[in-house]
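# Summary of structural features
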Amino acid sequence: DGGITQSPKYLFRKEGQNVTLSCEQNLNHDAMYWYRQDPGQGLRLIYYSQIVNDFQKGDIAEGYSVSREKKESFPLTVTSAQKNPTAFYLCASKMDRGGYGEQFFGPGTRLTVL
Amino acid sequence: QKEVEQDPGPLSVPEGAIVSLNCTYSNSAFQYFMWYRQYSRKGPELLMYTYSSGNKEDGRFTAQVDKSSKYISLFIRDSQPSDSATYLCAMIQYSNYQLIWGAGTKLIIKP
């Protein structure tokens, strides 16, 4: 089955720790995205990548980092510099770099800072 | 002021009712309009999309766009408890193809 997988489903972090969220897709899509979702605020773009070895900051990139070494993988690291990281994190992919194509979403990772 | 405004609800209606979900936007450069449905603790999934003013129908769902008023709507007929979810509107502008999201409306259909 083609799709997007995210792991882990739930993640707990102590203050001061970096954590990495996994996102893998087997849809052969060029573009991948990371969003953060907080209650009542919709989805906010953290980073996106339209091609391997290239990525751009979104609206709320501070305290986050990404890499795109393989087409199918786009991991997100939440660093200790992110002041309020508790949120629901969603990874998405889209077939083409541009255009109006549909974004397909993974099941999400819920991160809680203890 | 946010580029896309959407009432977060919750909106609670009885089973079988017609539901109207709405978003307003301020950027006239938005060209493409989408509605995503998100069940609790899941990722959103595309429900409908449209790029022109007017209505687009798909089964019990109708998407409506009024570009002159910068207003979009999603109507659900014969609502079912399985329609209970958060509905997010999203818009794309031609210049960079990035999605701009509404806050999402939580819909509850009571049996």
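It should be noted that the structure appears before, not after, this text.
For the structure given in this document, a descriptive report is provided here. (Residues numbered from 1 in each chain as written. Chains lettered and ligands numbered in written order. Predicted model: local features only at pLDDT ≥ 70, side-chain atom pairs only at ≥ 80, totals over all residues. Heavy atoms only, no water.)

### Digging into the interface of chain A and chain B
- Between chain A and chain B, the residue contacts involve 22 residues of the former and 20 residues of the latter.
- Interface area for chain A against chain B, summed over the two sides, is near 1700 Å², with a carbon-plus-sulfur share of 57%.
- If you look at where chain A meets chain B, you find 0 salt bridges.
- At the junction of chain A and chain B, the tally comes to 3 residue pairs in polar contact (both at pLDDT 80 or more).
- Elements with a contribution of two residues or more to the side of chain A that touches chain B: strand S4 (31–37), strand S5 (43–51) and strand S9 (87–94) of chain A.
- Broken down by class, the residue content of the side of chain A that touches chain B amounts to 11 nonpolar, 9 polar and 2 charged. (Contact = heavy atoms within 4.5 Å. Buried area = accessible area lost by both parts, 1.4 Å probe. Salt bridge = Lys/Arg side-chain N within 4 Å of Asp/Glu carboxyl O. Polar contact = N/O pair within 3.5 Å; in protein donor to acceptor, adjacent residues only side chain to side chain. Helix = DSSP H or I, 4+ residues; strand = E, 2+ residues; numbered from the N terminus. Nonpolar A, V, L, I, M, F, W, Y, C, P; charged D, E, K, R; others polar.)

### What to know about the nonpolar core
- Judged by nonpolar contacts, the single largest core of 23 residues is most densely connected at Trp35, Ile72, Leu74, Tyr87 and Met91 of chain B.
- Elements with a contribution of two residues or more to this core: strand S3 (19–25), strand S4 (30–38), strand S5 (45–50), strand S7 (61–66), strand S8 (71–76), strand S9 (85–93) and strand S11 (105–110) of chain B.
- Tyr47, Tyr64, Phe74 and Leu76 of chain A belong to the second largest nonpolar core, which has 20 residues in total. (Core = buried A, V, L, I, M, F, W, Y, C linked by side-chain atoms within 4.5 Å. Buried < 20%, exposed > 50% of the residue type's maximum accessible area, 1.4 Å probe, protein only.)

### Notes on the state of the cysteines
Residues and elements named next belong to chain B.
- Under the criterion given, the structure shown has 2 disulfides over all chains.
- Two residues share a disulfide in this structure: Cys23 and Cys89, whose sulfurs sit 2.0 Å from each other. Across the S-S bond of Cys23 and Cys89 the torsion is about -105°, and the bridge reads as left-handed. Taken as a pair, Cys23 in strand S3 and Cys89 in strand S9 lie far apart in primary sequence, 66 residues in all. For the pair shown, Cys23 and Cys89 are each scored as buried. (Disulfide = S-S within 2.5 Å.)

### Things to note about the packing of aromatic side chains
All names here are of chain A.
- Taken as a whole and assessed by the stated rule, the structure comprises 13 aromatic pairs over all chains.
- Taking the centre distance of 6.3 Å and the plane angle of 20° together, the rings of Tyr33 and Tyr35 count as stacked.
- Look at Tyr33 and you get buried, because its relative accessible area is 1%.
- For Tyr35, a relative accessible area of 1% puts it in the buried group.
- Taking the centre distance of 5.8 Å and the plane angle of 35° together, the rings of Tyr35 and Phe105 count as tilted. Taken together, the residues Tyr35 in strand S4 and Phe105 in strand S10 (residues 104–105) connect sequence positions 70 residues apart. (Phe/Tyr/Trp six-rings, centres within 6.5 Å; stacked < 30°, edge-to-face > 60°.)

### Some details on the sheet that holds strand S1 (residues 4–5) of chain B
Residues and elements named next belong to chain B.
- Spatially, the 5 strands line up as an open sheet ordered S1-S3-S8-S7-S6, and their pairing is antiparallel. Single-partner strands in this sheet number two, and they are S1 and strand S6 (54–58).
- Here S7 pairs with S8 via 6 bridges, running antiparallel. In the sheet register, Ala63 faces S8, and the bridge partner there is Leu74. (Pairing = 2+ DSSP bridges.)

The quantities given are spatial measurements derived from coordinates; they are silent on function.
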